[in-house]
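Understanding the architecture of this molecule
Take a look at the letters that make up each chain.
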Amino acid sequence: MVRPLNLCLLLLWFVLSMRVQHVHAQLADYNVQLLDEGDQIRTSNILKMVKDIHGFLWMLSPRYIQRFDGQNLKRFDIDGEDLLDIVADHDGKIWVSTQSTIRRFVSDSRGFQRLRINGPLPTKFNVMQVSTQNQVWIISGKGLFAYDKPTDTFVHQPIPGLADTQFYRKIFQKSGDEFFIGNTHILFAYNTNTRKVRSIPFNAVSAIAPFSGDILWVTDARLQTFELDFRTGSSSPIQADKFQPRPESNFMEISAVAPLGSDNYLVSTSKGCFRYNRKSGLFHKAVLYHYGSELANNEIYTSYFDQDKTLWMLGQQGIIFFKPLQHTISWLRSFNRKGMDWNNNIRALTGDNQGNIWMATSAGLSRLSLKDGTVKSFHASNSRSAAFQFPSIQGIVYDGKNLILGPGAGGVVLFDPGSETFRKPVYPPSQPALSTKASQDYIYSIVPLSNGNMLVLGDLSCYLLERNTYKISELAFTGSNFILQTAAQDHAGKIWVGTYKGLLLLDQKFKTLAMDTTMTPSKLVTSLLVRNDSTAWAGSVGLFEVTRRGDRLTRRAILPELANQQITMLFQDKTGQIWIGADDGFYRYDAGSKKLEWFDIWDNVQNKQLNPNSLFQAGDGNLYLGGNNGLNYFRPELIGAQRKDLTVLVTSVKINQNDSLYQGRPLELSWNQNTVEIQFVTTYFQNASKVKYRYRLAGLDDGWIYHGNNNIVRFSSLAPGHYRFDLQASLDGISWHASRQAVVFSILSPIWKRPWFFLLAAVMILAVINLLFKIRVAAVRKQQAAVFALQSKANELEKEKAMAMYESLKQQLNPHFLFNSLTSLDSLIWLDAAKASTFLDGLSRIYRYILKNREKELVPLKEEISFAQNYIALQSTRFGSGLIVDTAVPETMGNFRIAPVTIQNLIENAIKHNIISDDAPLVIRIYTEGQHLVVSNNVQKKNFVETSNKQGLIHLVNLYSFLSPVAVQIIETPDDFVIKLPLV
């Protein structure tokens, strides 16, 4: 018998073992991102923030301005007075103000330019606004000034009826075309289009926040806030009891209002950020979550709602930013504090009919109430008799009455949510070994079947849990011992089972129809998605489409981007898009467009692996995902497309390490400016390290170069030519976004490599060659002239020598001829005086001809023929019929010239060398052949020739070499001797 004391201790121990914890885990209104000093930003003294059209975030501090693009921070120090305000106009220009100046940003190298002011001076400035017409306005103590673009000047703008009014320089806000200004006693609403002025008295104004063009929220010096309605001129306080939860004190300043649509607004105050509904008039403090943990929302120093509907707030933790109008993935997690919180390692999920989400974790069972955000946890007991003993739960299903739990050991457990009690299922009494086996099995998953039964997948075997009766039995089929991991049933009732050794397909009676145990690179199948009655997607290391063909399963790899990742989740939402859990995060696949989108920690997906089978879609449409670091949830159909357009900008182009003011126009560089460094950026604030770049430099290489997250590229020793630098950025390596403008530049060739230089050089070289040629030609000509002179002199000498020899020949012939002639004359005087007289007359004409032409080089052929006729006549007197001379020279050849006494010498030569007799006469023929004079005779050679030195013809040939370019021809045959003389 157990003593009462021992019984009490046992009960106390059991209660402590079955401890239940309540944890507050209020769900997030907004999932936010944070920028702080870890991003190089100094947040301690930021006064105001704006974002320009390029996406740069500009932060104003009293002495400097910071510009951030998500990765790089640039600081602009401003000398002089403290900076008071900053605005960005619709064209992307940045304007800042001090008490006495207004400046506009020009460039990184030139900084901010001071602008001229035209109006009543001196005056002090402060707050600026940009009108709907993109005109920059600024308030001073003497009224409003507006920028005048034609004169590049700020000009005073008189306000009707307020010419002498002094204004409070901190009070200047706008809503549409309505400007709100004032002083410490009265507030004005001034419409810049109609120039209409409305006013409401108000004392000790401290801050204003326009709610609309007619309604203004005003905080006074006592930090009490009022609503002013310029339509009615009324003023009413905003009560502190309208704020939920109610602030500890009633002192609060409202600084900005951001409209969210449908009468909902976000209000920035000195007590944090509140959600405001106009109809109810209630303010609910926004619950902000950052990476799964609640972020303190205590005080907002300044806020800015940009053109992309992103709200930027400066809080105690740094710069908080989020898109309040955009549905995002939420992340809920809990940190262990003294072992009292719920566990973040969520292995499986389900939901009940009371609006609760049940989480099977590595440390027990937890219930998340979607109504109030509270979490209640149930832990395993150390008692041997307890139904729930092993803390880690791998599978969980709600059947409408009970939760069916699959712990890592101890067998299946049933949990009644109403009574919050655990119990065992019903084991067949006839199979005591089944209870033992099941209690030792490691359960991986519990899968509900279409008939209401539950399929329990274990390490050792597979079990069937019947609905309503909760009787459990073991299933035996081919592959049931393959360490079953997950399962899915198609509309025909067939069951696809993923195992440690491949994929199985069962019929409704749990008979194996087909299997694939050859999957590679891994056989482990951790997720399944049924596509139709014969096809399923199987997640392993990579994703596969598996199709049944008879008793075989065929597969093909799909989505190669996921080839090296373990696929742990597959889910198809009601729009047909498929969500995929993998090692690197969460993916969404659109089968129609074939587009794969990636979501990771920067999209608020938990930074640890999503667990297999830990996926559940609740009745409210939210999809819940469990992983090793908490719970994600979202409405799949409300998640918009990943950012479509990335703003990719070239921020700097350095030439040979020197800054270049690149403004989008093509650059023309000299040949030695061949080192180009280009810096670029994508204004992306969620995670700049996620941005990847690729570029190509046309003119160097037409292929894309993948550059990772590096935003600087340097080209060295570029050859002269034309270049175009194209740049693209991507968040996932799949969708690429081009920069707004390519960098185009040309490197000029050196002067000595340019075409005109080649042409000029060629001309100069040709000129030099021509000059040298001319000099050479002149030298050659001079040399040739000298040589020619020498040759001429030599020729003259040779000619003179030939003439002298010829003259000598004539002189030799003359005495001989004269002696013979005198002998003949002596004979004729005795025999025939008349004939002697005729002979003497012919002899005298011959000598007169010789004397007449002895100095001449050439004489007409007709004169030479006439002279030869006289000579022949004298010789005929001597030789009679023994000498026959036939002359046949046409009169038309009479003007050609010939050396004097040539024919006479040739006739004389023939007479000298040949026998002459009446019986064998010497026949001499004189005729022309072409432009030659031919003298021929028959050959009747004498045995001995007196007075012959054999030089006569040689001298004649030499003479004619100077008189004619045509040579003298001497033709000698046994019968004839022929001489052809060229006629000149």
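So, how was this worked out
- Residues numbered from 1 in each chain as written.
- Predicted model: local features only at pLDDT ≥ 70, side-chain atom pairs only at ≥ 80, totals over all residues.
- Heavy atoms only, no water.
- Helix = DSSP H or I, 4+ residues; strand = E, 2+ residues; numbered from the N terminus.
- Rg over C-alpha atoms; globule rule 2.2 N^0.38 Å.
- Buried < 20%, exposed > 50% of the residue type's maximum accessible area, 1.4 Å probe, protein only.
- Contact = heavy atoms within 4.5 Å.
- Areas by Shrake-Rupley, 256 points an atom, 1.4 Å probe, with all protein chains shown as cover.
- Lys, Arg positive; Asp, Glu negative; His and termini not counted.
- Charge placed at Lys NZ, Arg CZ, Asp CG, Glu CD.
- Salt bridge = Lys/Arg side-chain N within 4 Å of Asp/Glu carboxyl O.
- Polar contact = N/O pair within 3.5 Å; in protein donor to acceptor, adjacent residues only side chain to side chain.
- Core = buried A, V, L, I, M, F, W, Y, C linked by side-chain atoms within 4.5 Å.
- UniProt positions renumbered as here; feature names shortened; annotations may be inferred.
- Axes fitted to C-alpha atoms, helices over the stretch in contact; angles between N-to-C directions.
- Parallel < 35°, antiparallel > 145°, perpendicular 65-115°, else oblique.
- Left-handed = near helix turned anticlockwise from the far one by under 90°.
- Nonpolar A, V, L, I, M, F, W, Y, C, P; charged D, E, K, R; others polar.
- Pairing = 2+ DSSP bridges.
- Expected span 1.5 Å × (residues − 1).

**Structural notes on the overall build of the protein**
- If you tally the helices and strands in the protein, you get seven helices and 79 strands.
- Whereas a compact globule of 984 residues would reach a radius of gyration of roughly 30 Å, the protein reaches 61 Å, over 25% beyond that.
- Dimensions along the principal axes, computed over C-alpha positions, put the protein at roughly 210 × 100 × 45 Å.
- The buried share of the protein, reckoned over its 984 residues, is 49%.
- When contacts within the protein are restricted to residue pairs at least 6 apart in sequence, long-range pairs at least 24 apart make up 54% of them.
- Of the roughly 47,000 Å² of accessible surface on the protein, 52% is carried by carbon and sulfur atoms.
- In the protein, the 102 positive side-chain charges and the 86 negative ones have mean positions that sit 5 Å from each other.

**Side note on the environment of Gly-55**
- As for its position among the elements, Gly-55 is in the loop between strand S4 (48-51) and strand S5 (57-60).
- Judged by its relative accessible area of 10%, Gly-55 falls in the buried class.
- For the pair Gly-55 and Thr-647, spaced 592 residues apart in sequence, the C-alpha separation works out to 7.2 Å.
- Setting aside anything within four residues of it in sequence, one finds Gly-55 in contact with Thr-683 and Phe-685.

**Here's the deal with the side chain of Asp-89**
- Looking at the element boundaries, Asp-89 is found in the loop between strand S8 (85-88) and strand S9 (94-97).
- For the buried residue Asp-89, which engages in no salt bridge, the nearest side chain bearing the opposite charge is Lys-93, 4.7 Å off.
- Here the side chain of Asp-89 touches Lys-93 through a polar contact of 2.8 Å, landing on its backbone nitrogen.
- In this structure the side chain of Asp-89 is engaged in a polar contact, spanning 3.1 Å, whose partner is the side chain of Trp-95.

**Considering the nonpolar core**
- Judged by nonpolar contacts, the single largest core of 41 residues is most densely connected at Ile-898, Ile-903, Ile-907, Ile-911, Ile-924, Ile-926 and Leu-981.
- Tallying contributions element by element places helix H5 (residues 861-879) first for this core, with eight residues.

**Concerning the UniProt feature "transmembrane region" (unreviewed entry) in the protein**
- As recorded in UniProt, the sites labelled "transmembrane region" (unreviewed entry) are residues 756-773.
- Strand forms 0% of residues 756-773 and helix 100%; the C-alpha atoms that close the span are 24 Å apart.

**Considerations on the packing of H5 against helix H6 (residues 902-913)**
- Contact pair H5 / H6: the axes reach a minimum separation of 8 Å and the direction vectors enclose 25 degrees. Between H5 and H6, the angle is such that the two are roughly parallel. H6 is crossed by H5, and the crossing has right-handed handedness. Side by side, H5 and H6 meet where Glu-864, Ile-865, Phe-867, Ala-868, Tyr-871, Ile-872, Gln-875 and Phe-879 of the first sit next to Thr-902, Ile-903, Gln-904, Ile-907, Glu-908 and Ile-911 of the second.
- Of the residues in the contact of H5 with H6, the class split is nine nonpolar, three polar and two charged.

**Structural notes on the sheet that holds strand S61 (residues 623-627)**
- Strand order in the open sheet made by the four strands is S35-S62-S61-S60, with antiparallel pairing throughout. Edge positions in the sheet fall to strand S35 (330-332) and strand S60 (610-617), since each has one partner strand and no second. Each strand axis lies, on average, 20 degrees off the axis of its neighbour in the sheet, ignoring direction.

**A few points about unusual backbone geometry**
- The step from Gln-244 to Pro-245 runs through a cis peptide bond, and the omega angle for that step is -10 degrees.
- Tracing the sequence through the fold places Pro-245 in the loop between strand S25 (243-244) and strand S26 (254-261).
- Note that the residue after Thr-520, namely Pro-521, is joined by a cis bond; omega there is 10 degrees.
- Along the polypeptide, Pro-521 turns up in the loop between strand S51 (512-516) and strand S52 (527-532).
- The backbone phi angle of Asp-263 is positive, close to 65 degrees, even though this residue is not glycine.
- Tracing the chain through its elements places Asp-263 in the loop between S26 and strand S27 (264-269).
- The class for Asp-263 is partly exposed, based on a relative accessible area of 29%.

**A short note on the packing of helix H4 (residues 833-853) against H5**
- Contact geometry of H4 with H5 gives a least axis separation of 10 Å together with a crossing angle of 145 degrees. In this structure, the crossing between H4 and H5 has a hand that is left-handed. Every residue of H5 that contacts H4 at Phe-839, Gly-842, Leu-843, Arg-845, Ile-846, Tyr-849 and Ile-850 is listed here: Glu-863, Glu-864, Phe-867, Asn-870, Tyr-871, Leu-874 and Thr-877.
- Split into classes, the residues belonging to the contact of H4 with H5 amount to eight nonpolar, three polar and three charged.

**Brief notes about the pairing of strand S57 (residues 578-582)**
- Extensive coverage of S57 is indicated by the burial of five of its five residues.
- Burial along S57 is two-sided: the face carrying Ile-578, Ile-580 and Ala-582 and the face carrying Trp-579 and Gly-581 are both buried.
- As defined by bridge partners, strand S56 (residues 569-572) adjoins S57 across four bridges and the pair is classed as antiparallel. Opposite Phe-571, over in S57, you have Trp-579 as the bridge partner.
- Once S56 ends, the chain turns through five residues before running back antiparallel as S57, passing Gly-576 with a positive phi of about 90 degrees.
- Of the pairings in the sheet, the one linking S57 to strand S58 (residues 585-590) comprises five bridges and is antiparallel in character. Residue pairing for S58: Ile-578 is matched across the bridge by Tyr-589.

**What about the environment of Ile-396?**
- Here Ile-396 shows up in strand S40 (residues 393-398).
- Note on Ile-396: relative accessible area 6%, which makes it buried.
- Between the C-alpha atom of Ile-396 and that of Asn-613, which follows or precedes it by 217 residues, the distance is 9.3 Å.

**Description of the sheet that holds S52**
- Strand order in the open sheet formed by four strands is S52-S53-S54-S55, and the pairing between neighbours is antiparallel. One side of each edge strand has no neighbouring strand; the edge strands of this open sheet are S52 and strand S55 (552-558). Strand after strand, the sheet turns through a mean of 25 degrees between neighbouring axes, direction not considered.

**Considering the pairing of strand S72 (residues 743-747)**
- Burial of S72 is extensive: four of the five residues sit out of reach of the surface.
- Judged from the three bridges that link them, strand S65 (residues 667-669) and S72 form a sheet pairing that is parallel. Following the sheet pairing, Glu-668 is matched in S72 by Ser-746.

**Some points on H6**
- The end-to-end C-alpha distance of H6 is 17 Å, a good match for the 16 Å that 12 residues give at a rise of 1.5 Å each.
- Among the 12 residues in H6, 11 count as buried, and that is most of the element.
- Along H6, the residues that are buried comprise Thr-902, Ile-903, Gln-904, Asn-905, Leu-906, Ile-907, Glu-908, Asn-909, Ala-910, Ile-911 and Lys-912.

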